[in-house]
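Report on the structure
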Amino acid sequence: MHAHELDPQRPNPARMYDYFLGGFHNFEADREAAEAAEAAFPGVRASARANRDFLRRAVRYMVAQGVDQFLDLGSGVPTAGNVHEIAQAANPGAHVVYVDAEPVAVHASEALLADNPGADIVHADIRHADAVLSARQVEALLDLNRPLGLIMASVLPYIPEDDDPDRLVARYRAALPSGSYLTISHGSVEDFDDTETDSVYKVYNSSTSPITSRSRERITSWFDGLELVEPGVVVVTGWHPESGDTPVKLRLPHYGGLARIP
Ligand SMILES: C[S@@+](CC[C@H](N)C(=O)[O-])C[C@H]1O[C@@H](n2cnc3c(N)ncnc32)[C@H](O)[C@@H]1O
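Residues numbered from 1 in each chain as written. Predicted model: local features only at pLDDT ≥ 70, side-chain atom pairs only at ≥ 80, totals over all residues. Heavy atoms only, no water.

Take the site of the ligand next. Taken together, 20 residues sit near the ligand, with Tyr-17, Arg-52, Gly-74, Asp-100 and Ala-153 positioned nearest. Note that an oxygen atom of the ligand is positioned 2.6 Å from one of the side-chain N or O atoms of Asp-100. Notes on the ligand: free accessible area 600 Å², of which the protein chains cover 98%. Residue assignment for the shell around the ligand shows that the elements contributing at least two residues are helix 1 (13–20) and helix 3 (44–64). It is helix 3 that provides the largest number of residues to the shell around the ligand, a total of three residues. (Near = heavy atom within 4 Å. Polar contact = N/O pair within 3.5 Å; in protein donor to acceptor, adjacent residues only side chain to side chain. Areas by Shrake-Rupley, 256 points an atom, 1.4 Å probe, with all protein chains shown as cover. Helix = DSSP H or I, 4+ residues; strand = E, 2+ residues; numbered from the N terminus.)

This is the structure we're talking about:
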């Protein structure tokens, strides 16, 4: 079976993430794997929540800079605080295109967005950047000649080295006109010893999409040449924190940053 076909028996990271965030679009196998990951390395759930809060703050920041159109790659199962809700709350005319490869995420997004003329979802693998950028929904809702907010929140861990994440980020960056913003977040286990993290990897590696950890330095390199917004690439809880953030003790670092395309 292809990694992105629906298989309720096999844990899937999109649905595990949904479970961690308190959503309902998950199956028994996802819940069991999520609990196994959390038991193996307490802090995976907190890391998911902190990432989601970072995403909300990043979108608000971009809207405040005047960005009114967003492309959210690996957008996930819709849950509380989706990008279009945050953006359209601040600017009702904002347009958002989501992209995800997981059928449950796509179907749930389609249902949620049916009555929203400013938002849509593309069912695609983000590794096929040309297909994503020329998708019908992108052409209908986004103007790639105007500043755009490109979001890659916690999706690059699912792009293995063999698929060249550096090239993929560069390809999407190249499509962004001046004044656009790039937002990236990415989990990292670089500061932990293998015995602690092996068990988490085992859980994810038995899922439909294995994950890859990357160092803060590597994540920062994806912003090279751009105007990195202060405080740079940091543990997500430290990026423009707000009082409404879920209080979490972040054991598993999740790095995040946001930069302007000059
Ligand atoms: C951890 S979730 C992150 C969701 C959301 N971006 C957030 O930060 O809250 C990762 C999402 O990326 C999606 N994904 C992973 N690899 C993908 C790929 N190659 N193409 C499209 N989506 C992908 C998964 O299906 C999942 O929904």
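The final tally for this structure, using the stated rule, is 18 salt bridges. The partner of Glu-242 in a salt bridge is Arg-56, and the shortest N-O contact between them spans 3.1 Å. A residue pair is termed long-range when its members are at least 10 positions apart, and Glu-242 in the loop between strand 7 (234–235) and strand 8 (254–260) and Arg-56 in helix 3 qualify at 186 residues. Taking the relative accessible area as the measure of exposure, Arg-56 reaches 14% and is therefore buried. A salt bridge links Arg-146 to Asp-143; its shortest N-O distance comes to 3.9 Å. Assessed through its relative accessible area of 35%, Arg-146 is described here as partly exposed. Residue class for Asp-143 comes out partly exposed when judged on its relative accessible area of 31%. The network of salt bridges with common partners includes Asp-53, Arg-56, Arg-57, Arg-60, Glu-242 and Asp-245. (Salt bridge = Lys/Arg side-chain N within 4 Å of Asp/Glu carboxyl O. Buried < 20%, exposed > 50% of the residue type's maximum accessible area, 1.4 Å probe, protein only.)

Scanning all chains against the criterion turns up four aromatic pairs. Note on Tyr-19 and Phe-20: the rings are 6.4 Å apart at their centroids and 40° apart in plane angle, and the pair reads as tilted. By relative accessible area, Phe-20 is classed as buried at 1%. Plain terms: the ring middles of Tyr-61 and Tyr-181 are 6.3 Å apart, the flat faces sit at 75° to each other, and that makes the pair edge-to-face. With a gap of 120 residues between them, Tyr-61 in helix 3 and Tyr-181 in strand 5 (residues 181–187) connect regions that are remote in the sequence. Put simply, the rings of Phe-54, Tyr-61, Tyr-181 and Trp-239 touch in pairs and so form one group of aromatic residues. (Phe/Tyr/Trp six-rings, centres within 6.5 Å; stacked < 30°, edge-to-face > 60°.)

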